[in-house]
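Listed below are the residues making up each chain.
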Amino acid sequence: MTLANIMKLALKQLDEAAEDIAEYDGLFKGYANMGYMIAIRMFYRPREAFDLHTDRKGCADIRALPIERVIAVKDAAGREIGFDIDALGMSVMTGRRDAAIQVLAQTKRPPLSRETDEPDLPEWAHPALADYICYRHLSSGSLAKQNRAEFFRQSFYQQMRALTPQGAGSVTRMKNLYAVTDARYRR
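Residues numbered from 1 in each chain as written. Predicted model: local features only at pLDDT ≥ 70, side-chain atom pairs only at ≥ 80, totals over all residues. Heavy atoms only, no water.

J.: Explain the sheet that holds strand β5 (residues 84-85) to me, please; I cannot follow it from the model alone.
T.: The strands that make up a sheet pair up through hydrogen bonds in the backbone, lying either parallel or antiparallel. Spatially, the three strands line up as an open sheet ordered β2-β6-β5, and their pairing is antiparallel. Edge positions in the sheet fall to β2 (59-61) and β5, since each has one partner strand and no second. Relative to strand β6 (residues 91-93), β2 runs antiparallel, the two sharing three bridges. Opposite A60, over in β6, you have V92 as the bridge partner. (Pairing = 2+ DSSP bridges. Helix = DSSP H or I, 4+ residues; strand = E, 2+ residues; numbered from the N terminus.)

J.: In this structure, what is going on with the packing of aromatic side chains? I would like to understand it.
T.: The relation between two aromatic rings is expressed through the spacing of the ring centres and the mutual angle of the planes. A full pass over the atoms with the stated rule returns six aromatic pairs. Centroid distance F156 to Y157: 5.0 Å. Interplanar angle 80°. Geometry classified as edge-to-face. By relative accessible area, which is 21% here, Y157 ends up partly exposed. Feature note: the residues F43, Y132, Y135, F156 and Y157 constitute an aromatic cluster, connected by ring pairs. (Phe/Tyr/Trp six-rings, centres within 6.5 Å; stacked < 30°, edge-to-face > 60°. Buried < 20%, exposed > 50% of the residue type's maximum accessible area, 1.4 Å probe, protein only.)

J.: Just to check I follow, could you spell out the pairing of strand β7 (residues 100-107) for this structure?
T.: It is a general feature of regular strands that their side chains alternate between the two faces of the sheet. Inspection of the sheet shows strand β1 (residues 47-53) paired to β7 by seven bridges, in the antiparallel sense. Bridge pairing in β7 places E48 opposite A105. One ladder, built from seven bridges, connects strand β3 (residues 67-75) with β7; its direction is antiparallel. Looking across to β7, one finds that V73 is bridged to V103.

So, in structure tokens, the structure goes:
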């Protein structure tokens, strides 16, 4: 669904006339983006791999990349290597000087600004953003509106909990499992 379709669905759920969209345009875009950022950061957590090159100090600049957080760093052979992020979050620091590395990161998404923009979520999750718009719009009203808002809030979070984060469902590391489980029997 496009942003325009999401806003029209919200109007329909609020029992408002579709021709009143211009009146709610800025407000609904703001609410849609709030819900979209919650969906991306907390539930969907999209990942991307970036091929970078470290300098002579072992640092790779990540300022221009849409990185939320770095998950792993691999060398050219595909082996995971230790890394750290500098205090300002502008570079990945490794022990590999002047080398090719691959950074796996949870990434950010730009806000929805044009009416033709589509959220980077599975298609079935797009109506949840209309629920979030309804929730935010009704939450500051009378007690009856607030009760109705609670339904939309619960609907939004129910659909978000059904999202599977990218990269979920696989074991990434199990190191020293037996050493830990055997610790109590050592003398």
